[in-house]
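Remarks on the overall topology
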Amino acid sequence: MKATVKILFAALLTLGLQSCTEEAHVIADQGLFEFVDETSFEVTSYEFYDHETLGNYELADMYANLYLTFVDDQVFMTKIELRDGSETVYGDAMATNFTAGTLQGIWTDQYTYMRVASLDRTAEGRVVIELEGQHEGHKQFQTIFIVMQALDAHPAAALQISGLPG
């Protein structure tokens, strides 16, 4: 009898713990990888929001041009700054997580993973991505909203940063 009660208790405990776990989160857009791979996008909005400090800023407003270029399992951010009539180009590389043919998340740095909370794209090449996650350094929950438009050709600066041939 005691063995039956122990088994029943263990089964109930297991069932209770399973119902408390978070469901797997998967964005389903199987054609996205083929659409974005080796494509440059002009970023019209890259809004960062910190839920702890309530701070936010618009990265796209800080540069004359901001581009994202997807190449295999990476995304390259090209930032062009105009100062005193001269152009300065900066770049960052971030690792991506493509599963089931679509973007599931981005490592914004080597420690911080931001999962895709929502993703929408139009036939005209406009893509809207909402990323969310906890910053690894200060443990604050953050959201990044990205609005971008696919370009027919890579800007020279984006080619330089991404390493794609011209």
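Structural data are supplied above this passage.
Here's a quick rundown of the structure.

Regarding the environment of Thr 143
Here Thr 143 lies in strand S9 (residues 141-150). Along the backbone, Thr 143 and Glu 47 are 96 residues apart, and their C-alpha atoms lie at a distance of 8.2 Å. A distance of 2.5 Å separates polar atoms of two side chains, one belonging to Thr 143 and the other to His 51.

Some details on the pairing of strand S7 (residues 113-121)
As paired strands, strand S6 (residues 102-107) and S7 are joined by three bridges and run antiparallel to one another. Among the inter-strand pairings, Trp 107 is bridged to a residue of S7, identified as Tyr 113. Summarising the sheet, S7 and strand S8 (residues 126-134) pair through six bridges and their orientation is antiparallel. What sits directly across from Arg 115, in S8, is Glu 132. Between S7 and S8, which pair antiparallel and follow one another directly, the connecting turn spans four residues, one of which, Gly 125, has a positive phi of 95°.

Remarks on empty space enclosed by the protein
Inspection of the entire model under this criterion finds one cavity of 30 Å³ or more. Roughly 40 Å³ of volume is contained in the largest cavity. Lining the largest cavity, in full, are Tyr 46, Leu 68, Phe 70, Val 75, Met 94, Ile 106, Leu 131 and Ile 146. Of the residues that constitute the lining of the largest cavity, the class distribution is eight nonpolar, no polar and no charged.

Regarding the nonpolar core
Counting 26 residues, the largest nonpolar core has Tyr 46, Leu 68, Ile 129, Leu 131, Ile 146 and Met 148 as its most contacted members. Broken down by secondary-structure element, the contributors of at least two residues to this core are helix H2 (32-36), strand S1 (39-50), strand S3 (65-71), strand S4 (74-83), S6, S7, S8 and S9. Sequence-distant contacts of Ile 146, defined by excluding residues within four places in its chain, comprise Val 43, Ser 45, Tyr 46, Leu 68, Val 127, Val 128, Ile 129 and Leu 131.

About the criteria used
- Residues numbered from 1 in each chain as written.
- Predicted model: local features only at pLDDT ≥ 70, side-chain atom pairs only at ≥ 80, totals over all residues.
- Heavy atoms only, no water.
- Helix = DSSP H or I, 4+ residues; strand = E, 2+ residues; numbered from the N terminus.
- Polar contact = N/O pair within 3.5 Å; in protein donor to acceptor, adjacent residues only side chain to side chain.
- Pairing = 2+ DSSP bridges.
- 1 Å grid on protein atoms, 1.4 Å probe; cavity = no way out; pocket = protein on both sides within 12 Å on 5 of 7 lines; lining within 4 Å.
- Points joined across faces, edges and corners; volume = space filled by probe spheres on them.
- Nonpolar A, V, L, I, M, F, W, Y, C, P; charged D, E, K, R; others polar.
- Core = buried A, V, L, I, M, F, W, Y, C linked by side-chain atoms within 4.5 Å.
- Buried < 20%, exposed > 50% of the residue type's maximum accessible area, 1.4 Å probe, protein only.
- Contact = heavy atoms within 4.5 Å.

Interpretation in functional terms is not warranted from these geometric data alone.
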